[in-house]
Amino acid sequence: MILPILAAAVGDHIRFESLGLHPDVFSIGFFTLRWYSLAYIAGILIGWWYLLKLLAQPGAPMARRHADDLVFYATLGIILGGRIGYVIFYAPEMFLHPLRIVRLWDGGMSFHGGVLGTSLGIILFARKHKLDWLRIHDYVACVVPFGLFFGRLANFVNGELWGKPADVPWAIVFPNTVPYPMLDPARHPSQLYEAALEGVLLFALLAYAFWRTRARYYPGRLVGLFLVGYGIARFTVEFFREPDRQLVAFAEATGLHMGQWLCVPMIAGGLYLVTTSTRRRTRVEPIAGVDSVA
């Protein structure tokens, strides 16, 4: 009796299979190109292009020649930090099987870990070139939403990290979300919610702050806005998203998902950077050879 009721409940909703999406772009022999890989590449390349646009404005914290080196440090930080963060926060059992940690192609990356890894990479880069690491963070923060947007779209194409059961008109029936022989319920497409909030809306907020205000002359203000904006967006969407299967018990015991707990220090740190940025305001001397900005 229950199965017919569930079938009727999902009958009017979009089935994921009908969208014709597949995690792989194409395969040639042993080589397979996945949309998730393209998302990383697109995020880095478009972010690099936009970073050069930002650096062309007065008061840049580094010259264009530094950007190439920075991309290497940031990319390394994203990959290593994202993977190590995933293992620590979401899959600590991998420490018992170290070879699984290096199998990046099996998936599993933590954005919060990627943030820490990228920050460490920027600090090392700034020390090498004797630059202001906090101001570089401000500029890098403005380009991160590109990677978030493409990454969340890739999550959707992969049919992973889906949302909680829902009866909204745009709910989607993702396959294999419940054990057989239960019928898969329609769910929130939380990946698209995150793409909109963490990608589009967060980019618009930072772009306005950079181009329409003098936020870039207050070290820490832009990266603080990013931390607060991302933290609030992720914290909110997690209410519509299923927790990782291995962390369901953790979510039930604590009342919040792991992602939400990790956002709390992000929001607090971001608020601190924004509220204290005024006292860090100093004369900005250009790195790229344009006029200084008082």
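Relevant structure appears above.
Below: a short report on this structure.

Criteria and thresholds
- Residues numbered from 1 in each chain as written.
- Predicted model: local features only at pLDDT ≥ 70, side-chain atom pairs only at ≥ 80, totals over all residues.
- Heavy atoms only, no water.
- Phe/Tyr/Trp six-rings, centres within 6.5 Å; stacked < 30°, edge-to-face > 60°.
- Buried < 20%, exposed > 50% of the residue type's maximum accessible area, 1.4 Å probe, protein only.
- Lys NZ or Arg CZ within 6 Å of the ring centre and 35° of its normal.
- Salt bridge = Lys/Arg side-chain N within 4 Å of Asp/Glu carboxyl O.
- Helix = DSSP H or I, 4+ residues; strand = E, 2+ residues; numbered from the N terminus.
- Contact = heavy atoms within 4.5 Å.
- Disulfide = S-S within 2.5 Å.
- Expected span 1.5 Å × (residues − 1).

This part takes up the packing of aromatic side chains. Considering all chains together, one arrives at 19 aromatic pairs under this definition. Pairing W49 with Y50 gives two aromatic rings, centres 6.4 Å apart and planes at 35°, and the pair type is tilted. Classification of Y50 as buried rests on a relative accessible area of 8%. Put simply, the rings of W49, Y50, F146 and F203 pair up and form one aromatic cluster. Against the face of Y218 rests R221, its NZ or CZ located 4.2 Å from the ring centre. Over the ring of Y218 we find R281; its NZ or CZ atom is 5.4 Å from the centre of that ring.

Taken as a whole and judged by the stated rule, the model has 9 salt bridges. Across the salt bridge formed by R34 and D24, the nearest N and O atoms sit 3.1 Å from each other. Linking R34 in strand β3 (residues 31-34) with D24 in strand β2 (residues 24-28), this pair joins segments that are 10 residues apart in sequence. For R34, a relative accessible area of 31% gives the class partly exposed. In this structure, K128 engages D69 in a salt bridge whose closest nitrogen and oxygen atoms are separated by 3.3 Å. Of the two residues, K128 sits in helix α5 (residues 111-129) while D69 sits in helix α3 (residues 64-89), which places them 59 residues apart along the sequence.

Within the secondary structure, E194 sits in helix α7 (residues 190-212). In contact with E194, other than residues within four places in its own chain, are R152, G199, R234, V237 and R241.

So, on to the state of the cysteines. Tallied over the entire structure, the rule returns 0 disulfides. With no disulfide of its own, C142 has C263 as its nearest cysteine by sulfur position, at a separation of 19 Å. Accessibility expressed as a relative area gives 2% for C142, which makes it buried.

Helix length check: helix α2 (residues 35-55) (21 residues) gives 30 Å between terminal C-alpha atoms against 30 Å at 1.5 Å per residue, within 8%. Three or more residues of α2 are buried, namely A39, G43, G47, Y50, L51, L52, L54 and L55. Residues of α2 that are buried in the fold lie against α3, α6 (133-157) and α7.

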